[in-house]
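Chain residues, written in single-letter form:
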Amino acid sequence: MALSDLHIPSMLQKIPGAARVKLSSRSSSMLPSTSWQTSSNATSTQQNAFTAETISPIDIVDDENSESRLPSIKSLAVVIAGNALFQLSFFIAVPSASLYVEYLGGTPTFSGLVLGIPTAISGIALLVVKRFDGGQYRRPFVITYISAIVGNAVYALAYTFNFLYLLLIARMILGISFTSFMFSRKYCTDPRLVGIRRRTTLASWYVLGPAFGFSVGTWVGGMLYKIGSGNTGFFNGYTAPGWVMAGVWLAFLVVSGRFFEDVPKVSSGTRARRPAIGEIEMNSLAVNVANEPAPSFFALTLQQKCLLLCMCYSGSTFFFVLSSWESNIPIFTAARLGYSPYQAGNFIAMSGAATFLFLFLNVRYAYRFQDRVILATGTSLGLLGLFVLLAILITDTVHFGSLFVAWFLVALGFNLASTCTLSLLSKQMPGNWNAKASMAIQYSNYAGRLTGAVMGGAGVKIGMEKYAAIQIAMIGIGIVMHLVLWTELKVKTG
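For the structure given in this document, a descriptive report is provided here. Keep in mind that what you see is a predicted model, and the values were worked out from it rather than measured. (Residues numbered from 1 in each chain as written. Predicted model: local features only at pLDDT ≥ 70, side-chain atom pairs only at ≥ 80, totals over all residues. Heavy atoms only, no water.)

Notes on the overall build of the chain
Item 1. From N to C terminus, the chain includes 19 helices and two strands.
Item 2. Looking at the chain as a whole, 56% of its 494 residues are labelled buried.
Item 3. Contacts in the chain between residues far apart in sequence, at least 24 positions, make up 86% of those at least 6 positions apart.
Item 4. Accessible surface for the chain amounts to roughly 20100 Å². Of this, 65% is attributable to carbon and sulfur atoms. (Helix = DSSP H or I, 4+ residues; strand = E, 2+ residues; numbered from the N terminus. Buried < 20%, exposed > 50% of the residue type's maximum accessible area, 1.4 Å probe, protein only. Contact = heavy atoms within 4.5 Å. Areas by Shrake-Rupley, 256 points an atom, 1.4 Å probe, with all protein chains shown as cover.)

Printed below as a string of structure tokens:
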């Protein structure tokens, strides 16, 4: 019997729980070429089976619910908790950083550089760390945890040595640890671990990390400054954030080693087993293509290229605005409202706590909405917050309530919108492009964070009206891109 005589749909219907063969023009173009042959001289059993000649290194997934699969809960908890702690490490220094820099002889602009430099170093370090990951996660995570311990300890020691640039060096070491952001994002969209209908949900969990960081982190940072401000010894208001986080990361390194389960390492020469007909799911987003070379940027379709550029620009602008506000609030509120670092930390934390509930609801209900709807909603809310800021600056009505509303809308909107950049992109790109897409989005975020932190530090100096107008213009360009690509932004929910 020839292969053409086999009626595959009817055969699959007779197999309980069999996965359906799904071939679309787009998904078939993403899959590597696979040869399926039958031998006319074979036995009757062999006549009814496929023979895989070129499967390796692709593992065909035999789970009929592969679109909804999730990694180990313990491992996922380690990744999500680690991301939250890295955000905490970033934000815990925000309330007191400007005064710490001033004590050591620096300027407000240098303070913005101290807050933003980790992202620049992280972008450089990522190129090195990525070379040693082997397609896995444990090794890069251990590197980042150790870097966090050392970086935070050196941050505290800058006071002891009374050396301003040691503060910058400490944040640069801490920047190595922030390469974890890319690996955490990649983990949440890795087709080997996460089904296509779970990626936006996990991305929503991931974005809870920044909400936790700038709420709890800034509050803890302000509280530590208040507790230690009267001390001049080893542990004081400037050094406390560094010592506390060094201890936290030491404990987390032990916890991670105990509970995190890495993805199995698959040799590129390993031959996959022969699958039965009912186990085949020809969906490119449900196969492991981690070891298959990804196509170059120029081999992508025009639609995929445009989406990649659009999501990278969006990610960079979202984090540019967030980072600029986070570094600007302590300086601006001190100049306009007379806030201390403790009060500025509480201000940032209250807004973070208010957004946390809405971001948690997004985790619960993200699977019901398209990514483009979440993206548009978040961007609109953030833009509204920027217009509120501009309005209160022009009318000279800056006070706690008005500034809080503006910051709340900005924090909620752009954190919400940032959940979709990588998850949406991963649903449109080939499965073996996940690592490249993760790096592209992370570098865009890095660029936004670095330039935003410097912008925030210089916001009062250049004029707050100009500061707000620049951000509105940048977000406006992104909205135009979203409208032009609106049809292409439609992907599966979840």
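Overview of helix α19 (residues 464-484)
Item 1. End to end, α19 covers 31 Å across 21 residues, agreeing with the expected 30 Å (1.5 Å per residue, within 8%).
Item 2. Residues Met 464, Tyr 467, Ala 468, Gln 471, Ile 472, Ile 475, Gly 478 and His 482 constitute the buried set of α19. Here the buried residues of α19 occupy an arc of 125° about the axis, which is enough to place them on one side. The outward face of α19, more than 90 degrees from its buried face, is lined by the exposed residues Lys 466 and Val 484. (Expected span 1.5 Å × (residues − 1). Arc of directions from axis to C-beta.)

Digging into a nonpolar patch on the surface
Item 1. A grouping of Leu 357, Phe 358, Leu 361, Tyr 365, Phe 369, Val 373 and Trp 486 is seen on the molecular surface, where their side chains present a nonpolar patch of about 620 Å² in accessible area.
Item 2. Tallying contributions element by element places helix α13 (residues 341-365) first for the nonpolar patch, with four residues.
Item 3. Tracing the chain through its elements places Val 373 in helix α14 (residues 371-394). (Patch = residues over 30% accessible without salt bridge, like charges linked within 9 Å, V, L, I, M, F, W, Y side chains within 5 Å. Salt bridge = Lys/Arg side-chain N within 4 Å of Asp/Glu carboxyl O.)

Thoughts on helix α12 (residues 302-336)
Item 1. The end-to-end C-alpha distance of α12 is 48 Å, a good match for the 51 Å that 35 residues give at a rise of 1.5 Å each.
Item 2. Considering bend angle alone, the principal kink of α12 is centred on Asn 328 and spans about 45°; proline Pro 330 follows within four residues of it.
Item 3. Once α12 finishes, Gly 338 follows within two positions and takes phi at roughly 70°, a positive value. (Bend = angle between axes of the 7 residues up to and from the residue.)

Comments concerning the packing of helix α9 (residues 180-189) against helix α17 (residues 434-457)
Item 1. In the contact formed by α9 and α17, the axes pass within 9 Å of each other and the chain directions differ by 140°. As summarised for this structure, α9 and α17 are arranged oblique, according to the angle between their axes. Crossing hand, α9 versus α17: right-handed. Within the contact between the two elements, α9 uses Phe 181, Met 182, Arg 185, Lys 186 and Thr 189 and α17 uses Asn 434, Ala 435, Ser 438, Met 439, Gln 442 and Asn 445.
Item 2. Residue composition of the contact of α9 with α17, grouped by class: four nonpolar, five polar and two charged. (Axes fitted to C-alpha atoms, helices over the stretch in contact; angles between N-to-C directions. Parallel < 35°, antiparallel > 145°, perpendicular 65-115°, else oblique. Left-handed = near helix turned anticlockwise from the far one by under 90°. Nonpolar A, V, L, I, M, F, W, Y, C, P; charged D, E, K, R; others polar.)

Structural notes on the packing of α9 against helix α16 (residues 420-428)
Item 1. Between α9 and α16, whose axes approach to 10 Å, the crossing angle comes to 45°. One way to sum up the angle between α9 and α16 is to call them oblique. Relative to α16, the crossing made by α9 is right-handed. Between α9 and α16, the residues in contact are Arg 185, Lys 186 and Thr 189 and Thr 421, Leu 422, Ser 423 and Ser 426, respectively.

Re the nonpolar core
Item 1. Membership of the largest hydrophobic core comes to 119 residues, with the highest contact counts inside it found for Trp 249, Trp 325, Leu 389 and Trp 407.
Item 2. Among the elements that line this core, the one with the most residues is α12, at 13 residues.
Item 3. Apart from residues no more than four positions distant in its own chain, Leu 389 is found in contact with Trp 325, Leu 403, Ala 406, Tyr 467 and Ala 468. (Core = buried A, V, L, I, M, F, W, Y, C linked by side-chain atoms within 4.5 Å.)

Let's talk about the environment of Met 439
Item 1. With respect to the element layout, Met 439 can be found in helix α17.
Item 2. Looking at Met 439, the relative accessible area reads 16%, which means it is buried.
Item 3. Considered as a pair, Met 439 and Thr 179 are 260 residues apart in the sequence and their alpha carbons are 9.9 Å apart.
Item 4. In contact with Met 439, not counting residues within four places along its chain, are Leu 126, Leu 127, Lys 130 and Met 182.

A word on the environment of Phe 163
Item 1. Among the structural elements, Phe 163 can be located in the loop between α7 (138-161) and α8 (164-177).
Item 2. Accessibility expressed as a relative area gives 39% for Phe 163, which makes it partly exposed.
Item 3. Distance from Phe 163 to Leu 104, taken between C-alpha atoms, is 6.5 Å for residues 59 residues apart in sequence.
Item 4. The contact partners of Phe 163, leaving out residues within four places of it in the chain, are Leu 104 and Ala 158.

None of this, on its own, says anything about what the molecule does.
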